[in-house]
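For reference, the chains in residue letters:
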Amino acid sequence: MKEKLIALLFPPRCAVCGEVLALDERDGFLCKTCSSHIPYIPKKICPHCGGETDRAGFCEFCLKTFAFETACAAFPYEKVRKSIHLFKYEGGKKLGYGLGELMADYLLKYHEELLVWTDLILSVPLHPKKEKHRGFNQTHILCEKISEKTDLVFQKDGLRRKRNTAAQSTLNSPEERRQNLKDAFEATADFAGKRILLVDDIFTTGSTCNECARTLYRAGAKEVHVFCLSAAGLHMEQE
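These notes cover the structure that comes with them. (Residues numbered from 1 in each chain as written. Predicted model: local features only at pLDDT ≥ 70, side-chain atom pairs only at ≥ 80, totals over all residues. Heavy atoms only, no water.)

A short note on the packing of aromatic side chains
If you walk through the whole model with that rule in mind, you get 10 aromatic pairs. An angle of 35° between the planes, with centres 5.0 Å apart, marks the rings of tyrosine 40 and phenylalanine 75 as tilted. Of this pair, tyrosine 40 sits in the loop between helix 2 (32–36) and helix 3 (60–63) while phenylalanine 75 sits in strand 1 (residues 70–76), and the two are 35 residues apart along the sequence. With respect to burial, tyrosine 40 and phenylalanine 75 carry one shared label: buried. By way of ring pairs, the aromatic residues Tyr40, Phe75, Tyr106, Tyr110 and Phe227 are connected into one cluster. (Phe/Tyr/Trp six-rings, centres within 6.5 Å; stacked < 30°, edge-to-face > 60°. Helix = DSSP H or I, 4+ residues; strand = E, 2+ residues; numbered from the N terminus. Buried < 20%, exposed > 50% of the residue type's maximum accessible area, 1.4 Å probe, protein only.)

And the structure:
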């Protein structure tokens, strides 16, 4: 009875589009429409600028300003905007498990080289106050599911956020965003010689992932690669 009441008050939703699942779909995490065509970013399209590239993930032009080696994202932000909002802000924690599974499937389908190269996966940290308020770190949930499906080792809390920084979305210029995150993170372990896959939910300007990567390189990391659930793209950065 309790489970039925919870399902009535908080019906399960599709992990991609965020719509309520029909009764005959509730043993999965995707609606029929999304399961028939998962809107992943194609392998030869840069998630950042949308241009064609001969590599998987971000093109060389978009990578040139960042400290990390490569970056990729599973979805355009517009396709998963609703489900991300439900996941992070409206009690839809269970959506995170479906989203993490989709991220793992994306790696297996498009980025087998990352599965071979990666020694550890790490999540972008929240400040403890923000994590306490939300009740969880959304990237931890994504990493746990990726680890479960790919056997990559997830080192929880390998990075710590020292300062409770302002939300990047509230800042106007790239310089403000860079200064907001300067020295905001610290590594909690020695990552000497490690090849790290850094996971986040949304890639917008890349400032957060870039500062985390710089922190990891200072802690001895050999390579840092970035993998995000979604990428907002340059057109949204400029709005």
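Let's talk about helix 10 (residues 207–218)
For helix 10, which comprises 12 residues, the first-to-last C-alpha distance of 17 Å matches the rise-based estimate of 16 Å (1.5 Å per residue) to within 8%. Among the 12 residues that make up helix 10, nine are buried, leaving the element largely enclosed by the rest of the structure. Among all positions of helix 10, only Ser207, Thr208, Cys209, Asn210, Glu211, Cys212, Ala213, Thr215 and Leu216 are buried. Glycine 220 occupies a position one or two residues after helix 10 and carries a positive phi of about 100°. (Expected span 1.5 Å × (residues − 1).)

Some words on the sheet that holds strand 2 (residues 120–123)
Read across the open sheet, the four strands follow the order 1-6-5-2; overall the sheet is parallel. Edge positions in the sheet fall to strand 1 and strand 2, since each has one partner strand and no second. Adjacent strand axes in the sheet meet at a mean angle of 25°, parallel and antiparallel pairs treated alike. Pairing analysis gives eight bridges linking strand 5 (residues 195–203) to strand 6 (residues 223–231), with the strands arranged parallel. Along strand 6, the bridge assignment pairs leucine 197 with histidine 225. Most of the contacts of helix 4 (residues 77–89) go to strand 1, to which it runs at about 85°, and overall it touches strand 1, strand 5 and strand 6. Its contacts with the sheet place helix 10 against strand 2, strand 5 and strand 6, and it is angled at close to 160° to strand 5. (Pairing = 2+ DSSP bridges. Axes fitted to C-alpha atoms, helices over the stretch in contact; angles between N-to-C directions. Contact = heavy atoms within 4.5 Å.)

Quick word on the pattern of salt bridges
Applying the stated rule across the entire model yields 11 salt bridges. A salt bridge links lysine 149 to glutamate 101; the nearest nitrogen and oxygen atoms lie 3.8 Å apart. Residue lysine 149 is located in helix 8 (residues 138–150), and its partner glutamate 101 is located in helix 5 (residues 95–110); the two are separated by 48 residues in the primary sequence. Of the residues examined, lysine 149 reaches a relative accessible area of 31% and is grouped as partly exposed. (Salt bridge = Lys/Arg side-chain N within 4 Å of Asp/Glu carboxyl O.)

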